Amino acid sequence: MIELENIEAFSQATGLALTPEMPRRNIVTLGIRLNDLCGKRFSVGGAIFEGLELCEPCSLFAKRTHREVLKFFVKKGGLRARILSGGEVRVGDFVGQHG
């Protein structure tokens, strides 16, 4: 998962194009701080997840996009999460804390 706000901030700060699909995250969020969900259970649509760890920028992310992502996305690269209970996830679904 990755925040759309950080993708847009990168493009504004660097002048380099970065579209939501370029970081290759499964879910792009809007209006939620993913770092706050690390170590917590949360839902997206009908699925329940557990935030495992921050997804820090790596050489593969840089290779597929821009070298500048390595510095910019520190603590902003998204969240790795485990699916605890599957369910349908749709564009526009709410992300919320669970239990």
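Residues numbered from 1 in each chain as written. Predicted model: local features only at pLDDT ≥ 70, side-chain atom pairs only at ≥ 80, totals over all residues. Heavy atoms only, no water.

Draft legend 1. The pattern of salt bridges, seen in detail. The final tally for this structure, using the stated rule, is 5 salt bridges. Ionic pairing is found between E88 and R90, a salt bridge with its closest N-O pair at 2.4 Å. Of the two residues examined, E88 and R90, each falls in the exposed class. (Salt bridge = Lys/Arg side-chain N within 4 Å of Asp/Glu carboxyl O. Buried < 20%, exposed > 50% of the residue type's maximum accessible area, 1.4 Å probe, protein only.)

Draft legend 2. Representation of the confidence of the model for the chain within the structure. Confidence along the chain averages 95 in pLDDT terms, with 99% of residues attaining 70 or more. Mean pLDDT in the chain bottoms out at strand 6 (residues 95-97), which sits at 88, and peaks at helix 1 (residues 4-14), which reaches 98. (pLDDT = per-residue confidence, 0-100. Helix = DSSP H or I, 4+ residues; strand = E, 2+ residues; numbered from the N terminus.)

Draft legend 3. View of the side chain of E50. Relative to the helices and strands, E50 resides in strand 4 (residues 47-54). Only 2.4 Å separates the side chain of E50 from the side chain of R82, close enough to count as a polar contact. If sequence neighbours within four positions are ignored, E50 has contacts with K40, R41, F42, R80, A81, R82 and L84. (Polar contact = N/O pair within 3.5 Å; in protein donor to acceptor, adjacent residues only side chain to side chain. Contact = heavy atoms within 4.5 Å.)

Draft legend 4. Representation of helix 1. Those residues of helix 1 lying buried are L4, N6, I7 and F10. Buried residues in helix 1 make contact with strand 1 (2-3), strand 2 (28-29) and helix 3 (69-72). Positive backbone phi, at 80°, marks G15, one or two positions downstream of helix 1.

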